[in-house]
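Spelled out, the chains give:
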Protein chains: 2
Amino acid sequence: MTSQYDRIQNNHLHSRVVSPEEAASWIEDGMTLGLSGFTRAGDVKAVPFALVERAKEESFKVNVFTGASLGSDIDALFADAGIVHKRLPFQADPTMRRSINNGDMFFVDQHLSHTAELVRSGVMGPVDFAIVEAVAIKEDGQIIPTTSVGNSSLFAMHADHIIVEINLAQTPLLEGVHDIYDTGRQGDRSPIPMMSAKDRIGTPGIQVDPDKIRGIVFTEQADSPSTIVQPDGETQVMAGHLLDFLRKEVEMGRLDETLAPLQSGIGSVANAVLHGMIDSEFEHLEVYSEVLQDAVFDLIDAGKVDFASCCSITLSDDKMKQVFGNFEKYRDLLVMRPQEISNHPEVIRRLGLISINTALEFDIYGNVNSTHVSGTKMMNGIGGSGDFARNARLAIFVTKSTAKGGNISSIVPFVSHVDHTEHDVDVVVTEQGYADLRGLSPRERVPLIIENCAHPDYKEQLWAYYEEALGRGGQTPHVLEKAFSWHQNLAENGTMKFEKEQKETAEVR
Amino acid sequence: MTSQYDRIQNNHLHSRVVSPEEAASWIEDGMTLGLSGFTRAGDVKAVPFALVERAKEESFKVNVFTGASLGSDIDALFADAGIVHKRLPFQADPTMRRSINNGDMFFVDQHLSHTAELVRSGVMGPVDFAIVEAVAIKEDGQIIPTTSVGNSSLFAMHADHIIVEINLAQTPLLEGVHDIYDTGRQGDRSPIPMMSAKDRIGTPGIQVDPDKIRGIVFTEQADSPSTIVQPDGETQVMAGHLLDFLRKEVEMGRLDETLAPLQSGIGSVANAVLHGMIDSEFEHLEVYSEVLQDAVFDLIDAGKVDFASCCSITLSDDKMKQVFGNFEKYRDLLVMRPQEISNHPEVIRRLGLISINTALEFDIYGNVNSTHVSGTKMMNGIGGSGDFARNARLAIFVTKSTAKGGNISSIVPFVSHVDHTEHDVDVVVTEQGYADLRGLSPRERVPLIIENCAHPDYKEQLWAYYEEALGRGGQTPHVLEKAFSWHQNLAENGTMKFEKEQKETAEVR
């Protein structure tokens, strides 16, 4: 007969099993918590819930550091309870977003590979508690993570205390999939010895002093399924454009049909683009990404992807059952790494990734906004897009050319917030087409972006702006007093279209 | 008796010696030239001059790729002759700047570490001629560069033909100082085996097939001296603030008195900051930078710097005489690398550099403009600042808080061009003080930036903008319709000050 205690193979640690409530009671006002969890996968659940319960009786605030976004509505519950002083490096929850944008809490929007350096250097103070989800604790104290690594190993190594949540709903077959590697301190560090997406360079679990494990909690709650929207007509067309671009690279001899390791950001568009490869001629593909979404497993099933490296696995409900219900089939084709490694500039540049991420908007010169609606309100955060775009072989950004029924153009004169500068953006893709910006000066980029990517409803307006700007001259011509006029028009009139009749047409549609 | 032919140790190549005019005659309309030269050091001189002469008789255009800026007025002569179709990745010449901003030629403003990947991948077409300055050609055909490496090895390896300019004015003692390493193609690449600024990982010269050397030209023209302005009162105060910040890092145990390898951008402010270390308590310093300016040699003379890695040496007239006249004293303390290596994210992050670069302006949230005056007119280019800032242990930007007699504030509500995003900027320094932005959300950054860095004449205006923006809410509050109002006011009224009486006060001073 198996017992849940079998998951704690170090017998000395059996006495550390406590209730989530007890573990939560150790957390004090002003502390910093390092939670496991990356894009809804492998997040701790029981202790956060207990902490939210405690907040009904007591007033306190904590800093919450994670891998990326959490599932199980934890960010919403935290925000509603008002217990977060500072949150980093990423979130994707509507309730928390509201708190952030209202100024009720601080959010530090970081490159996902940067958090590790900051924690290691101690700049943000100590991590008081690392709280990490695991499938097991080994005899030597190694903690085996679940469906994400994120910053879990970092937090566990640097925290004063560790609380482990052993999640019995996660398949024990996850053991052996992780590859935990710590870079060590800057200036006292060797090269990361990875030459291919497949290379294993670390240990299967997080090595910590078992005495630091202050408490162990059991839970059985599954990860939250991804909320991904399935490919639609427009995302399929975008995927087609991107495939055309990649075909051209093959034709020019710059890639072969195995392409290069693929990174794809989270989101429906990026997922659809990967999905579009199923029926393509590309084969023996490799993935070196943060998150594996449904499409990667479809590509594995279709015999298109040979191997996938990631930092988390985030699937829809059905796909979760299929993948984790048949995990023997997939586990040898996967490796799961800390986000510092999945997103490390050293590895990204060496492997020469093809990086596909979603833009909120981009401008006529190729600057990209990934985070702020109309320059002010945070959506989710930059995530890993900057780690990848800056260092990839191909930094590709995708977005539909319009939003809000055509009243927002995703291509604007001047992005209202810059997350990726013109220096870091190689190719932009919309359902209209793609623009290959490599080696082009700003003035050379404009016609490609407007003609290939903008929606026909906005082309004339974009040309009008650019022509007026050209009259002022410069490397990057602008009419500064009108640079944000499209966003202003949106705020005032609900549309970026300047002609009243155009707006009415859009409303009729 | 020595002859200039002693510099060509491969006897088969003696027959390739030609006049600069003959070498220049091989260049055809539409070709791409890869020239040596980085921040006025080690640039080819004779063939470019001959090419400019040819342009008096003939109409043609070429693409000019370099390491960085050229000396000897070559960029000015090229621009005046109208022979450049596209220039990359950096320039710093007023005449060429005018041509760029007038739209008479294209300028691609690239991260200095990125050019190599683009050339290697063939995206920008072939390099027809690499034209590189050398002190010698070895028996096996190795080309020994002079006072910069820049992209010379890249161009020589990838060009169809090579023209070597042997510069008899450059000391032959430069041989042995260079360390030429090629990363190879992305995806087929090993880690860069460097663990410290001192490590030598390559060869002393550029290894090429001697048959590719189509012509050899002799010249005796010295490098152009740097135009650096000596430290003044304000830059000394800024250096003091930066040293205070570094002292605090030592106090907090995050650095010791040897600090970490230093990178310092070109320019008077950065030079002054390094100069400020001479009388500090810091010692056994290492430099891992692009360009070594005067200050590094002063620090070596003062026994403060133990070793310096660079990609070029750019000195004032007097310093050039001192350093190259006594080069035995310095050569074992120096290594000169290709710019892909001096600026490589892999190495920068591994070594954990302290990176100090100059900003044109920064905004209340910490975004930095390094390139565009009022968002439109190119100054010089981003250079290596992005390579370093994104990957360094400490990304520090320095600038005086005002310019143009106080009519321009370097701290603005919204930078008119973004080269370094809020995600990549750790510390900003002006003569007023410094703001340590690490781990801070946008709203936490504002008071530090305004109170510590802005000029007193502009604090009230900055607070007024921010308070109005706060009323609109958001992670990064802005009043979009006023975001560039300071730049507009400057264009219309010659000042960023909104109060007429304030402007008059400034004029009286």
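Residues numbered from 1 in each chain as written. Chains lettered and ligands numbered in written order. Predicted model: local features only at pLDDT ≥ 70, side-chain atom pairs only at ≥ 80, totals over all residues. Heavy atoms only, no water.

K.L.:
Can you walk me through the UniProt feature "domain: Acetyl-CoA hydrolase/transferase N-terminal" (unreviewed entry) in chain A in this structure?
P.N.:
Residues annotated in UniProt with the feature "domain: Acetyl-CoA hydrolase/transferase N-terminal" (unreviewed entry) correspond here to residues 14-216 of chain A. Counted over residues 14-216 of chain A, helix gives 22% and strand 20%. Its end C-alpha atoms are 8 Å apart. (UniProt positions renumbered as here; feature names shortened; annotations may be inferred. Helix = DSSP H or I, 4+ residues; strand = E, 2+ residues; numbered from the N terminus.)

K.L.:
Hey, could you run me through the packing of helix α9 (residues 294-301) of chain A against helix α10 (residues 317-325) of chain A in this one?
P.N.:
When two helices pack together, you describe them by how their axes are tilted relative to each other and by the distance separating the axes. All names here are of chain A. For the pair α9 and α10, the least separation of the axes is 10 Å and the interaxial angle reads 50 degrees. Viewed along their axes, α9 and α10 adopt a mutual orientation that is oblique. Considering the relative orientation of α9 and α10, their crossing is left-handed. Only Lys319, Gln322 and Val323 of α10 make contact with α9, whose side of the interface consists of Asp294, Phe297, Asp298 and Asp301. Broken down by class, the residue content of the contact of α9 with α10 amounts to 2 nonpolar, 1 polar and 4 charged. (Axes fitted to C-alpha atoms, helices over the stretch in contact; angles between N-to-C directions. Parallel < 35°, antiparallel > 145°, perpendicular 65-115°, else oblique. Left-handed = near helix turned anticlockwise from the far one by under 90°. Contact = heavy atoms within 4.5 Å. Nonpolar A, V, L, I, M, F, W, Y, C, P; charged D, E, K, R; others polar.)

K.L.:
Help me understand the domain arrangement of chain A in this model?
P.N.:
Where the parts come together, the accessible area they lose is often given as the size of the interface. All names here are of chain A. Assigned domains within chain A: domain 1 (4-219) and domain 2 (233-493). Between domain 1 and domain 2, the contact holds 51 residues from the first and 43 residues from the second. Among the residues domain 1 hides against domain 2, the three largest losses belong to Val177, Met194 and Ala197. Together they make up 16% of the total. Note that Lys198 is salt-bridged to Glu286, the shortest N-O span being 3.2 Å. Among the elements of the structure, α4 (94-101) and α5 (115-121) are those that each provide at least two residues to the side of domain 1 that touches domain 2. Looking at the side of domain 1 that touches domain 2, its residues break down into 21 nonpolar, 19 polar and 11 charged. (Domains from an automatic or database assignment. Buried area = accessible area lost by both parts, 1.4 Å probe. Salt bridge = Lys/Arg side-chain N within 4 Å of Asp/Glu carboxyl O.)

K.L.:
Is there a simple way to think about the interface of chain A and chain B in this case?
P.N.:
In this complex, chain A contributes 77 residues to the contact, which on the side of chain B involves 77 residues. Together, the buried faces of chain A and chain B total about 6,400 Å²; carbon and sulfur atoms form 52% of this surface. In this structure, Glu444 of chain B and Lys86 of chain A form a salt bridge, with 2.9 Å as the shortest nitrogen-oxygen distance. For the interface between chain A and chain B, the tally reads 46 residue pairs in polar contact (both at pLDDT 80 or more). Put simply, the parts of the chain that give the side of chain A that touches chain B at least two residues each are α4, β4 (106-107), α5, α13 (345-351), β20 (377-378), α14 (385-391), α15 (442-453) and α17 (485-493) of chain A. Sorting elements by how many residues they give to the side of chain A that touches chain B places α13 of chain A first, with 5 residues. For the side of chain A that touches chain B, the per-class residue count stands at 23 nonpolar, 32 polar and 22 charged. (Polar contact = N/O pair within 3.5 Å; in protein donor to acceptor, adjacent residues only side chain to side chain.)

K.L.:
Quick question: what am I supposed to make of a negative patch on the surface here?
P.N.:
Residues and elements named next belong to chain A. A cluster of acidic residues, Asp256, Glu257, Glu283 and Asp306, forms a negative patch at the surface. Positionally, Asp306 belongs in strand β13 (residues 305-310). Look at Asp306 and you get partly exposed, because its relative accessible area is 30%. (Patch = residues over 30% accessible without salt bridge, like charges linked within 9 Å, V, L, I, M, F, W, Y side chains within 5 Å. Areas by Shrake-Rupley, 256 points an atom, 1.4 Å probe, with all protein chains shown as cover. Lys, Arg positive; Asp, Glu negative; His and termini not counted. Charge placed at Lys NZ, Arg CZ, Asp CG, Glu CD. Buried < 20%, exposed > 50% of the residue type's maximum accessible area, 1.4 Å probe, protein only.)

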